[in-house]
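Read off the chains here:
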Amino acid sequence: MTNIVEVENLRVKIPVSAGMLNPVRGLTFEIKKGETLCVVGESGSGKSLSAFSLMKLLPKIADISADKMQFMGRDILKMSPSELQNMRGNRMAMIFQEPMTALNPSYTIGNQLVEVLRRHQNVSVKEATERAIYLLEKVGITAAASRLSQYPHQLSGGLRQRVVIAMALMCGPDLIIADEPTTALDVTIQAQILHLLKELQEEFEMAILLITHDLGVVARMADRVAVMYAGEFVETGTAEQVFKQPVHPYTQGLLSCIPVPGKTARGSRLGSIPGIVPSLIGDMRGCAFRSRCPHANGACHNNVPLEKWSDDHFKRCVLDDTALTSIAKEAIA
Amino acid sequence: MLIYSLKRLLLAILVAITVSFISFSLLFLAGDPAIAMAGEGATDQDIENIRQLYGFDKPVLVQYFDWLLRAIGGNLGESFYFKTPVVHLIAEHMPVTMTLGAMGITFALSLAVPLGVLAAIRPNSIIDRIALLISVSGQALPSFWFALVLVVIFTVTLGWLPASGSDTWLHFLMPTVVLSYYAAPAFMRLTRAGMLDVLGSDYIRTARAKGLTTKSVFLKHALRNAIIPVVSLAAVQFGFMLGGSVIVESIFALNGAGSLAWESIGRNDFPTVQGLILVFALIYIVLTFLADVLNAWLDPKIRIG
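Structure report, in brief. (Residues numbered from 1 in each chain as written. Chains lettered and ligands numbered in written order. Predicted model: local features only at pLDDT ≥ 70, side-chain atom pairs only at ≥ 80, totals over all residues. Heavy atoms only, no water.)

### Observations regarding the interface of chain B and chain A
Next up, step 1: Counting residues at the interface gives 22 residues for chain B and 28 residues for chain A.
Next up, step 2: Both faces considered, chain B and chain A share a buried interface measuring about 2,200 Å² in area, 54% of it formed by carbon and sulfur atoms.
Next up, step 3: Joining chain B to chain A, the criterion identifies two salt bridges.
Next up, step 4: Between Glu115(A) and Lys220(B) there is a salt bridge whose closest N-O contact spans 2.9 Å.
Next up, step 5: Here chain B is connected to chain A by 16 residue pairs in polar contact (both at pLDDT 80 or more).
Next up, step 6: Counting only elements with at least two residues in the side of chain B that touches chain A, the list comes to helix 9 (202–209), helix 10 (214–226) and helix 15 (300–303) of chain B.
Next up, step 7: Here the residues of the side of chain B that touches chain A are counted per class, giving six nonpolar, seven polar and nine charged. (Contact = heavy atoms within 4.5 Å. Buried area = accessible area lost by both parts, 1.4 Å probe. Salt bridge = Lys/Arg side-chain N within 4 Å of Asp/Glu carboxyl O. Polar contact = N/O pair within 3.5 Å; in protein donor to acceptor, adjacent residues only side chain to side chain. Helix = DSSP H or I, 4+ residues; strand = E, 2+ residues; numbered from the N terminus. Nonpolar A, V, L, I, M, F, W, Y, C, P; charged D, E, K, R; others polar.)

### A closer look at the pairing of strand 3 (residues 36–40) of chain A
Next up, step 1: Of all five residues in strand 3 of chain A, five are buried; the element is thus mostly enclosed.
Next up, step 2: Burial along strand 3 of chain A is two-sided: the residues Thr36(A), Cys38(A) and Val40(A) and Leu37(A) and Val39(A) are all buried. (Buried < 20%, exposed > 50% of the residue type's maximum accessible area, 1.4 Å probe, protein only.)

### Some details on the nonpolar core
Next up, step 1: Leu54(A) and Leu175(A) are the most contacted members of the largest nonpolar core, which has 101 residues in total.
Next up, step 2: Among the elements that line this core, the one with the most residues is helix 6 (residues 157–169) of chain A, at seven residues.
Next up, step 3: Other than its neighbours up to four places away in sequence, Leu175(A) contacts Ile4(A), Val5(A), Ile31(A), Leu54(A), Phe71(A), Arg91(A), Met92(A), Ala93(A), Ala207(A), Ile208(A) and Leu209(A).
Next up, step 4: With 70 residues, the next largest nonpolar core counts Tyr181(B), Met188(B), Tyr203(B) and Leu212(B) among its residues. (Core = buried A, V, L, I, M, F, W, Y, C linked by side-chain atoms within 4.5 Å.)

### Topic: the pattern of salt bridges
All names here are of chain A.
Next up, step 1: What the rule picks out here adds up to 20 salt bridges over all chains.
Next up, step 2: A salt bridge links Lys68 to Glu6, with the nearest nitrogen and oxygen atoms 2.6 Å apart. Placement of the pair is Lys68 in strand 5 (residues 68–71) and Glu6 in strand 1 (residues 3–16), with a sequence separation of 62 residues.
Next up, step 3: Look at Lys68 and you get partly exposed, because its relative accessible area is 26%.

### Here's the deal with the sheet that holds strand 12 (residues 307–310) of chain A
Residue and element names in this part refer to chain A.
Next up, step 1: Spatially, eight strands are ordered 7-8-9-3-10-11-13-12 in an open sheet, and the strand pairing comes out mixed. At either end of the open sheet lies a strand with only one pairing partner, and these are strand 7 (92–95) and strand 12. Neighbour to neighbour, the strand axes of the sheet diverge by 20° on average, direction disregarded.
Next up, step 2: Sheet analysis places strand 3 next to strand 10 (residues 224–229), joined by four bridges and oriented parallel. Residue Cys38 lies in a different strand from strand 10, and its bridge partner there is Val225.
Next up, step 3: Lying on the sheet, helix 6 is in contact with strand 7 and strand 8 (175–179); it crosses strand 7 at an angle near 175°. (Pairing = 2+ DSSP bridges. Axes fitted to C-alpha atoms, helices over the stretch in contact; angles between N-to-C directions.)

### Remarks on helix 7 (residues 143–157) of chain B
Side chains that are three or four residues apart share a direction in an α-helix, a result of its 3.6 residues per turn.
Residues and elements named next belong to chain B.
Next up, step 1: For helix 7, with 15 residues, the first-to-last C-alpha span of 20 Å sits near the 21 Å given by 1.5 Å per residue.
Next up, step 2: At Val151, helix 7 is deflected by roughly 30°, the largest bend along its length.
Next up, step 3: For helix 7, every residue scored as buried is listed here: Ser143, Phe146, Ala147, Leu150 and Val151.
Next up, step 4: Buried residues along helix 7 sit in contact with helix 8 (169–199) and helix 12 (246–251).
Next up, step 5: A positive phi of about 70° marks Gly159, the residue just after helix 7. (Expected span 1.5 Å × (residues − 1). Bend = angle between axes of the 7 residues up to and from the residue.)

### Structural notes on helix 6 of chain A
Next up, step 1: For helix 6 of chain A, with 13 residues, the first-to-last C-alpha span of 18 Å sits near the 18 Å given by 1.5 Å per residue.
Next up, step 2: Taken across its 13 residues, helix 6 of chain A has 12 buried, putting it largely inside the fold.
Next up, step 3: Listed as buried for helix 6 of chain A are Gly157(A), Gly158(A), Arg160(A), Gln161(A), Arg162(A), Val163(A), Val164(A), Ile165(A), Ala166(A), Met167(A), Ala168(A) and Leu169(A).
Next up, step 4: For helix 6 of chain A, the secondary structure elements touched by its buried residues are strand 7, helix 3 (109–120), helix 4 (125–138), strand 8 and helix 7 (187–204) of chain A together with helix 9 of chain B.

Structure, rendered in structure tokens:
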């Protein structure tokens, strides 16, 4: 399958009063046509920033650099502002975390939907309206035609998020970046929205870059998973590999925080990862997770590359294979 | 929207009644109006005659309702000084003040809103600094001083503009600039702050992520939301310009309602002052009402409850 996104060594630097903040420190990944890559990590791990930098939607003071950052074979970093504007919302669209505030309160749903398509394609208002109604029905909104004249404040959070999804689909994009699309929604609505995304992805053959901190979401959605910690990927692989055989102590820690029906004994304590994410200001050496890692040793002070574990399964940890295997067995036992 | 407007209208009427009562009672604040009307050297009998003639011996509430009914019928009494109906005096002087106010508010908005938008788009840039300079100096320079500077430059030195009178539109140029220069800073700062606030919001990020052009992001998505508080302020400022144009009117010898009010105070011409206060207050109330309705129309959350 063809890669629609290829990124090598993506870095984001933001000057702050205390020094240089390095929230994204050398990410390498690709996304194939029609697949879902889930980037999972704690708040502040840099996952949203990475997604925004792919669209070059960060404020000007943020310095984005990469050895390679291609979308559909074109270098994103070399695009002019107008080329970027032509790409955004057209070939690469975004779904946001906060449906309550992501829509402009002063314009109707219809206006905001029609606007995207008319911006990127030479279609009449009538055609764009028909497309909007078609997509609103697709995302499960009833009486779609009459919704067009409604304002965001007249819709519930779940409905608004459906509108935001329909808006992202207006131009039939090749890639959808979904930044925590269900975090702000009720649990029942979350499941519906995820199901919907999955269906739409198959129907329209879109790739999805899904940013989340919720491993439950990852399990439902991901073809491949990248576990992010302190601006780096610490483990990448297929969803099956990462869930069945988590190698990195951080991934294991994350997984141990989730109760498993039938496995987690009633009354037993759920796991938690002690400590907090280290400061990302200034240069960093060594494994970023070592201060919180139960298996850390002296070697963790050296920089660790992302190394192959098995086929597509990579990890960033100094522990040798036997040590990791035994830890991994312990973790899933 | 209709229900909202009706509620606002009811509120406006209540305020108008309150204002009319205050305006009415002003006549009694300065002591016995009969003594004031009779003038110096009047005998007690003269004062008593005036008191009966004008009904000052009746209970205050009765007097108020008499006065209110007459006011609604367009009779605001007779000026002590000119001995002509106050309504005629106001009708004669109001057009100049209204023209000046309308020109002032238009000029202020058309200068301040674009500058405020530009300043917000490029915060801390040269444009932002210039806008800040203009607004600080606009607020700091007293308008009488600024007016005189303009007169020295454009009338005395260059001879381009007339410095007094209200015969042609040229006469209104300098007064307009002076009046709006005082009002513009507030609009500019409010537009800038509103734009900065809105530009940081999620829906602007959405608009950018949709690939909309910069122009569309700023003007369609940001300004529309940022302008709402400016509308309210504009209504208030317009009312303020009408009532507060006294200094400008007297410097440029514009025979408007502002200078009429100023002179009438000096002449103890209570009915005229009272009438002017009532008219200004009513204009103010109408403007505020219109601003509320316009705001509701701009903000769908109010329009469609």
